[in-house]
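Okay, here's what each chain looks like letter by letter:
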Amino acid sequence: MPENDVVFVDGVRTPFGRAGEKGMYWRTRADDLMVSAMMGLLERNPGIPHDRIDDVAVAATTQSGDQGLTLGRTTAILAGLPLSVPGYAIDRMCAGAMTAVTTVAGAIAFGAYDLALAGGVEHMGRHPLGGDVDPNPRFLSEKLVSPDALNMGITAERLHDRFPSLTKERADRFGMASQLKLEAAYQAGHIQPDLIPVATRSDEGYGLASEDEGRRPETTMEGLAALKTPFRPHGKVTAGNASPLTDGATIAAIASGSFARELGLPIKMKMVSFAFAGVEPEVMGLGPIPSTEKALAKAGLTIDDIGLFELNEAFAVQVLSLLDHFGIDDEDPRVNPYGGAIAVGHPLAASGVRLMIQLAHQFEAHPEVRYGLTAMCVGLGQGGSVIWENPHFTGGR
Ligand SMILES: CC(C)(COP(=O)(O)OP(=O)(O)OC[C@H]1O[C@@H](n2cnc3c(N)ncnc32)[C@H](O)[C@@H]1OP(=O)(O)O)[C@@H](O)C(=O)NCCC(=O)NCCS
């Protein structure tokens, strides 16, 4: 246990939009998405004194243009925080927001900070995946990584190759379940409370984004079977079992337990442990397996202690590889009960806090669950895992 306990006070996000010209955020700046989320978080938590925010850590994978200029600082100023509040930018690709949270958590545990904001944003429409990168030629000339490692879809195909038991049928079924679970969660009102509506603009005029745009509740196995395999002829990865290209922002308030209690702030989750780990870049989707093992070991827990799982669905096959590793059924109700990134979208550096927001909501509904896991894979072969404890736990699992 850290010196100071670290708690998740609250987290919110923008609705996620489909990336590209037809998406609802095509004419919305990435930094403005974060500003909307940040203002929404502070508005619904009036107990957070703005001048007591010790830092603002905001992640983005592409850090240029409207995602450049040290996002934590720019968005804090734009959101109206006092100029005395510092901020910085952070990057661990898909695990950006997760790393923002664990980084400020380290500062809180050390006693340097009382409360900080941490999150991420990715506008994949304005910043296409891999569009602005210049990988060092040595990666390929010295065979440090296979060319496959640089295309996430191909790394997913390679997982299918490596584990023949991870069939396309299983991946499609998992993708469909994600869509149906998200729809059920919307119907039950589990998703909407943590969304901050965002004003949008299009040729038709002004609008208001209030729900995730990419949902496909009409998904069927027959429809999925007919989809193209864009990453490889006769492959297994399709638009139906992969996360779509997405625009969105997430932000959370992370504090020391004593500060939160002193100020009467909500405590939605308590951080137990976290870990990151590296794997072969060609099969980056395996990353959350060793990071979860490390996080469990640090916490002195086993996988059986975890009552709820929020696993980022970069690709169905990649989540399935983790479930197989730990002997968990594809349809285990503890896994992504509100669906996942295949249905809701995956704005890279924003997604880590989206997992935490969903887990926090489920903790409230499941006082019999003591521990939950948020975990995700990261490009170039990494995984990140954070284990959380449910403050509402009343006994049971
Ligand atoms: C897979 C991918 C290439 C698909 O991109 P796309 O072709 O622009 O996706 P679309 O949303 O247009 O979907 C393609 C087609 O599948 C259809 N489709 C998608 N999901 C579907 C579903 N659940 N059911 C039925 N049809 C579906 C679409 O309607 C579309 O059909 P159309 O071509 O007839 O219009 C893209 O989403 C991708 O690259 N995803 C991975 C992102 C990534 O790597 N993230 C980082 C992870 S580490």
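Refer to the preceding data block for the structure.
Quick caveat, the model's predicted, so the values are computed rather than measured.

Participant: Looking at this structure, how should I read the overall build of the protein chain?
Facilitator: If you tally the helices and strands in the protein chain, you get twelve helices and twelve strands. When the backbone C-alpha atoms are referred to their principal axes, the protein chain occupies close to 60 × 55 × 50 Å. A buried classification covers 56% of the 397 residues belonging to the protein chain. By sequence separation, contacts in the protein chain at least 24 residues apart represent 81% of the contacts at least 6 residues apart.

Participant: What should I look at first to understand the packing of helix α1 (residues 30–43) against helix α2 (residues 71–78) in this one?
Facilitator: The axes of two packed helices give the description: the angle between them and the distance between them. With their axes 9 Å apart at the nearest point, α1 and α2 run at an angle of 60° to one another. Between α1 and α2, the angle is such that the two are oblique. Of the two possible hands of crossing, α1 and α2 adopt the one that is right-handed. On the side of α1, the interface is formed by D31, M34, V35 and M38, while α2 contributes L71, T74, T75 and L78. Of the residues assigned to the contact of α1 with α2, the class counts are five nonpolar, two polar and one charged.

Participant: Can you walk me through the site of the ligand in this structure?
Facilitator: Taken together, 20 residues sit near the ligand, with M152, T219, G223, A239 and A314 positioned nearest. Counting residues per element, the ones that place at least two in the shell around the ligand are α5 (152–162) and α7 (221–225). Partitioned by chemical class, the residues of the shell around the ligand number eleven nonpolar, eight polar and one charged.

Participant: Explain the packing of helix α3 (residues 96–110) against helix α12 (residues 351–365) to me, please; I cannot follow it from the model alone.
Facilitator: It is the contact of α3 with α12, at a shortest axis distance of 5 Å, that shows an interaxial angle of 70°. Our classification of the angle between α3 and α12 gives roughly perpendicular. From α3, G96, A97, M98 and V101 reach across to α12, where they touch S351, G352, V353 and M356. Classifying every residue of the contact of α3 with α12 by side-chain character gives five nonpolar, three polar and no charged.

Participant: Please explain unusual backbone geometry as it appears in this structure.
Facilitator: Note on backbone geometry: most residues besides glycine have negative phi, and most peptide bonds are trans. At T70, a position not held by glycine, the phi torsion is positive, near 60°. Positionally, T70 belongs in the loop between β3 (55–59) and α2. Owing to 16 C-beta atoms within 10 Å, T70 belongs among the partly exposed residues under this scheme. Positive phi is not limited to glycine here, since H234 has a value of about 55°. By the secondary structure assignment, H234 is in the loop between α7 and β8 (246–256).

Participant: Explanation requested: the pairing of strand β11 (residues 371–378) in the structure shown.
Facilitator: On any regular strand, side chains alternate: one points to one face of the sheet, the next to the other face. Counted residue by residue, β11 has eight buried out of eight residues, so it is predominantly covered. Of the two faces of β11, the one lined by Y371, L373, A375 and C377 and the one lined by G372, T374, M376 and V378 are each fully buried. Where strand β10 (residues 306–311) and β11 come together, five bridges link them in parallel fashion. Its bridge partner being in β11, L311 is matched across the sheet by A375.

Participant: Even after reading the chapter, I still don't get α3, so can you show me in this structure?
Facilitator: Because an α-helix packs 3.6 residues into every turn, residues spaced three or four apart end up facing the same way. Taking 1.5 Å per residue as the helical rise, α3 with its 15 residues ought to reach 21 Å, and the 21 Å between its terminal C-alpha atoms agrees with that figure. When we look at burial in α3, the residues that qualify are G96, A97, M98, T99, A100, V101, T102, V104, A105 and I108.

Participant: How do you make sense of the environment of G106 when you look at a structure like this?
Facilitator: Note on placement: G106 falls in helix α3. Assessed through the 14 C-beta atoms surrounding it within 10 Å, G106 is described here as partly exposed. Put simply, G106 and R162 are 56 residues apart on the chain and 36 Å apart in space, counted from C-alpha to C-alpha.

Participant: Explanation requested: the nonpolar core in the structure shown.
Facilitator: Nonpolar side chains tend toward joint burial in soluble globular proteins. Of all hydrophobic cores here, the largest spans 127 residues; its most connected members are V101, A116 and I254. Here this core gets eight residues from one element, more than from any other, and that element is α1. In contact with V101, not counting residues within four places along its chain, are A118, A252, I254, G352, V353 and M356.

Participant: How should I be thinking about α12 in this particular structure?
Facilitator: The terminal C-alpha atoms of α12 lie 22 Å apart, and with 15 residues this matches the ideal 21 Å at 1.5 Å per residue to within 8%. In terms of burial, α12 is a largely internal element, 13 of the 15 residues being buried.

Participant: Help me understand the environment of I357 in this model?
Facilitator: Within the fold, I357 resides in helix α12. Residue classification places I357 among the buried positions, given that 27 C-beta atoms sit within 10 Å. The residues contacting I357, other than those within four sequence positions of it, are G11, V12, R13, D194 and T250.

The rules behind the values
Residues numbered from 1 in each chain as written. Predicted model: local features only at pLDDT ≥ 70, side-chain atom pairs only at ≥ 80, totals over all residues. Helix = DSSP H or I, 4+ residues; strand = E, 2+ residues; numbered from the N terminus. Buried ≥ 20, exposed ≤ 12 C-beta atoms within 10 Å, placed from the backbone. Contact = placed C-beta atoms within 7 Å. Axes fitted to C-alpha atoms, helices over the stretch in contact; angles between N-to-C directions. Parallel < 35°, antiparallel > 145°, perpendicular 65-115°, else oblique. Left-handed = near helix turned anticlockwise from the far one by under 90°. Nonpolar A, V, L, I, M, F, W, Y, C, P; charged D, E, K, R; others polar. Near = placed C-beta within 6 Å. Pairing = 2+ DSSP bridges. Expected span 1.5 Å × (residues − 1). Core = buried A, V, L, I, M, F, W, Y, C linked by C-beta atoms within 7 Å.

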